[in-house]
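Spelled out, the chains give:
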Amino acid sequence: MKLGVVGLPNVGKSTLFNAITNAGAEAANYPFCTIEPNVGVVAVPDERLTKLAALYDSKKITPAVVEFVDIAGLVKGASRGEGLGNKFLSHIREVDAIVHVVRCFEDENITHVESTIDPVRDISTINLELILADIEAVEKRQDRIRNAARGGSDKTASAEYAFLEKLRAHLEEEQPASSLEITEEERPLLDNLFLLSAKPVIYCANIKEADMGTPDELLPLVQAVKAYAAKHGAETIVVCAKTEEELARMDEEDRAIFLEEFGLKESGLSKLIKASYTLLGLISFLTAGEKETRAWTIVKGTKAPQAAGKIHTDFERGFIRAEVVDYETLLECGGLTGAREKGKVRSEGKDYVMKDGDVVLFRFNV
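What you are looking at is a predicted structure, and each value in this text was computed from that prediction instead of being measured. (Residues numbered from 1 in each chain as written. Predicted model: local features only at pLDDT ≥ 70, side-chain atom pairs only at ≥ 80, totals over all residues. Heavy atoms only, no water.)

Draft legend 1. Quick peek at the overall build of the chain. On a plain count of helices and strands, the chain comes out with 14 helices and 12 strands. For the chain, the proportion of its 366 residues judged to be buried stands at 47%. Look at the contacts in the chain between residues 6 or more apart in sequence, and 67% of them connect residues 24 or more apart. Here the chain has roughly 18500 Å² of accessible surface; of this, 48% comes from carbon and sulfur atoms. (Helix = DSSP H or I, 4+ residues; strand = E, 2+ residues; numbered from the N terminus. Buried < 20%, exposed > 50% of the residue type's maximum accessible area, 1.4 Å probe, protein only. Contact = heavy atoms within 4.5 Å. Areas by Shrake-Rupley, 256 points an atom, 1.4 Å probe, with all protein chains shown as cover.)

Quick look at the structure:
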């Protein structure tokens, strides 16, 4: 899963990304890896792995991971090449979803590119740049198929051109591609365009340290972001990027004490990672043993053979059955042997749809 972190200058985007990379660097079992200077990989927080590993006395824990890309060059006019323009646009096309960092704090020492703090205006500025870039992409596609679509002899090209006309009109009304009502037949046409405004978004409301622990309803700027996100079917996560950067450098014990002082159960970064996982319809199944306890990422609705294929293609090719027990039951029974004795281990076939938290042993033959 790859997420692009975007935002106007001086909204806290780089600070949040520093928190992400620091968190990755300190993940004991999945070290931070720098693929490029602006890419970081961090573990998906999952306390189930620690408990399973203790139960099996595992030598290694491997969590599911999220890849974050710090998208630079985002300013008004980016669709026309302002800032880093085309470079930032190409980076966004490669991500699965967007984390849009929005400034929700006043600070006279940190200037804002528009001089005033208005998170909804800032959101609209960036979204408009994405839409303008998408209009250009749609027009280019229309130019490529225009001759084939003329006259109606090529029905496939004609149908695509008609869809592109509908899509362009929608975008020209400054509406994102994600809000366009489409048919099942049109879905592949939209997906093949890799439009920026079609990507799912999480809005990250960045607050100041003094506002940490304050109920969201008492923070007007946060409420404005939440209202905008709700209207557009998106989620909002409230974070203090500066504090997240400090938290990422702390050891686990100090971090827990710090969060408790503010009445928080988990860090904003943990909430962001979990929300991103959910946004893309992803779940984790688990495998456990003496060598390794591991979380495997799959799309919700994946069947057992395809889940087995995430481990090794031979597992899918020679799939026989999956021996499944849910995580909570396994812990209650004290392990797989206890679960078998109590009849809690299920034998599932090729049509079984995997569930989050399934602990699985795949049987296969090749």
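Draft legend 2. Here's a closer look at the nonpolar core. If you look at the biggest cluster of nonpolar residues, it comprises 68 residues, and the most contacted ones within it are Leu-16, Ile-20, Phe-68, Ile-92, Tyr-203, Ile-207 and Leu-272. The residues contacting Ile-92, other than those within four sequence positions of it, are Val-6, Ile-71, Ile-98, Leu-130, Leu-196 and Lys-199. By size, the runner-up hydrophobic cluster in this structure holds 17 residues, among which are Ala-137, Ile-145, Ala-157 and Leu-164. (Core = buried A, V, L, I, M, F, W, Y, C linked by side-chain atoms within 4.5 Å.)

Draft legend 3. Here's a closer look at a negative patch on the surface. Together, Glu-47, Asp-326, Glu-328 and Glu-332 make up a region of like negative charge exposed at the surface. Inspection of the secondary structure puts Glu-332 in helix 13 (residues 327-333). (Patch = residues over 30% accessible without salt bridge, like charges linked within 9 Å, V, L, I, M, F, W, Y side chains within 5 Å. Salt bridge = Lys/Arg side-chain N within 4 Å of Asp/Glu carboxyl O. Lys, Arg positive; Asp, Glu negative; His and termini not counted. Charge placed at Lys NZ, Arg CZ, Asp CG, Glu CD.)

Draft legend 4. Structural detail: the packing of helix 8 (residues 241-249) against helix 9 (residues 252-261). Helix 9 packs onto helix 8 with a crossing angle of 145° between their chain directions and a minimal axis gap of 8 Å. Together, Thr-243, Leu-247 and Ala-248 of helix 8 and Arg-255, Phe-258 and Leu-259 of helix 9 make up the contact between the two elements. When the residues that make up the contact of helix 8 with helix 9 are grouped by side-chain class, the tally is 4 nonpolar, 1 polar and 1 charged. (Axes fitted to C-alpha atoms, helices over the stretch in contact; angles between N-to-C directions. Nonpolar A, V, L, I, M, F, W, Y, C, P; charged D, E, K, R; others polar.)

Draft legend 5. The arrangement of the sheet that holds strand 6 (residues 201-206) in detail. Reading across the sheet, the 6 strands line up as 2-4-1-5-6-7 and stay open at both edges, with mixed pairing between neighbours. The open sheet is flanked by strand 2 (39-43) and strand 7 (235-239), the only strands paired with a single partner. Looking at each pair of strands side by side, their axes are set apart by 25° on average, direction ignored. Relative to strand 5 (residues 97-103), strand 1 (residues 2-6) runs parallel, the two sharing 4 bridges. Paired with Leu-3 across the strands is Ala-97, a residue of strand 5. (Pairing = 2+ DSSP bridges.)

Draft legend 6. View of helix 4 (residues 119-149). Look at helix 4: 43 Å from first C-alpha to last across 31 residues, which is about the 45 Å you get at 1.5 Å a residue. Maximal helix bending in helix 4 amounts to about 35°, located at Asp-143. (Expected span 1.5 Å × (residues − 1). Bend = angle between axes of the 7 residues up to and from the residue.)

Draft legend 7. Fine view of the state of the cysteines. Scanning the entire structure with this criterion turns up 0 disulfides. With no disulfide of its own, Cys-104 lies 9.2 Å from the sulfur of Cys-204, the closest cysteine sulfur. Look at Cys-104 and you get buried, because its relative accessible area is 4%. (Disulfide = S-S within 2.5 Å.)

Draft legend 8. Summary view of the pattern of salt bridges. By the definition in use, this model includes 24 salt bridges. Between Lys-13 and Asp-70 there is a salt bridge, and its shortest N-O distance comes to 2.8 Å. Of the two residues, Lys-13 sits in helix 1 (residues 13-25) while Asp-70 sits in strand 4 (residues 65-70), which places them 57 residues apart along the sequence. Taken individually, Lys-13 and Asp-70 each receive the classification buried, so the pair is uniform in this respect. A salt bridge links Lys-242 to Glu-209, with the nearest nitrogen and oxygen atoms 3.7 Å apart. Of the two residues, Lys-242 sits in helix 8 while Glu-209 sits in the loop between strand 6 and helix 7 (220-231), which places them 33 residues apart along the sequence. Given the relative accessible area of 32%, Glu-209 is considered partly exposed. Within the structure, one salt-bridge network assembled from shared partners comprises Arg-321, Glu-323, Arg-340 and Arg-363.

Draft legend 9. Expanded view of the environment of Val-41. On the secondary structure map, Val-41 appears in strand 2. Residue Val-41 is classed as buried on the basis of its relative accessible area of 4%. When the C-alpha atoms of Val-41 and Ile-20 are compared, they prove to be 8.1 Å apart, with 21 residues separating the residues in sequence.

Draft legend 10. Geometry of the pairing of strand 7. For strand 7, the tally of buried residues reaches 4 of 5 residues, placing the bulk of the element in the interior. Pairing between strand 6 and strand 7: 5 bridges, direction parallel. Following the sheet pairing, Cys-204 is matched in strand 7 by Ile-237.

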